[in-house]
Amino acid sequence: MFYVQKVLKNPTHVNYQDYKVPYVFEIDDKTKNFLIVPERNTDLLHRFCNIRAAVWWLSIDNFFKLPYLFLLLNQELLVELLLLY
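The following paragraphs examine the structure supplied in this document. Keep in mind it's a predicted model, so treat the numbers as computed, not measured. (Residues numbered from 1 in each chain as written. Predicted model: local features only at pLDDT ≥ 70, side-chain atom pairs only at ≥ 80, totals over all residues. Heavy atoms only, no water.)

### Description of the environment of arginine 47
The criterion, for reference: Put simply, DSSP marks the helices as runs of H or I at least four residues long and the strands as runs of E at least two long, and each gets a number from the N terminus on. Type-normalised accessible area, obtained with a 1.4 Å probe on protein chains alone, sets the label of each residue: buried when under 20%, exposed when over 50%, and partly exposed for intermediate values.
For arginine 47, the position within the fold is in the loop between strand S1 (34-38) and strand S2 (52-56). Residue classification places arginine 47 among the exposed residues on the basis of a relative accessible area of 59%. Between the C-alpha atoms of arginine 47 and aspartate 29, which are 18 residues apart in sequence, the distance is 9.1 Å.

Below, the structure written as structure tokens:
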């Protein structure tokens, strides 16, 4: 689990600490890793070349609330993402 803000203690919410999910503060761009982002953060996918990536669609409405997103995504990727879901 990646956390944006670095903290001194465990950043995992207390309700999820029983799962003991490992966490990091930096994303390691290697093929052994997997990056899952919500539809509101697909712009993050273009920052990495090697990592395996996927979009977790929470709501199609969230995606279309971001008009600038279409400028960030190339058209082929946008079509591919929309056809997958």
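Further notes follow.
### Some remarks on the pattern of salt bridges
What counts is decided by this rule: For this analysis, a salt bridge means a side-chain nitrogen from Lys or Arg found within 4 Å of a carboxyl oxygen belonging to Asp or Glu.
Across all of its chains, the model carries 2 salt bridges by this definition. We note a salt bridge from lysine 6 to glutamate 26, for which the minimum N-O separation is 3.6 Å. One end of the pair, lysine 6, is in the segment before S1; the other, glutamate 26, is in the segment before S1, with 20 residues separating them in the sequence. As far as burial versus exposure is concerned, lysine 6 and glutamate 26 are alike and both exposed. Between lysine 30 and aspartate 28 there is a salt bridge; the shortest N-O distance is 3.8 Å. Judged by its relative accessible area of 43%, lysine 30 is partly exposed.

### Section: the packing of aromatic side chains
As a reminder of what qualifies: Each aromatic pair joins two rings of Phe, Tyr and Trp (for Trp, the six-membered one) with centres within 6.5 Å, and gets the label stacked for planes under 30 degrees apart, edge-to-face for over 60, and tilted for any other angle.
What the rule picks out here adds up to 3 aromatic pairs. A centroid spacing of 5.8 Å and a plane angle of 70° characterise the contact between tyrosine 23 and phenylalanine 25, whose relative ring orientation is edge-to-face. According to the relative accessible area criterion, phenylalanine 25 is partly exposed, its value standing at 22%. Among the aromatic residues, ring-to-ring pairing joins Tyr3, Tyr23 and Phe25 into one connected group.

Honestly, that's just the spatial picture; any functional story needs more than this.
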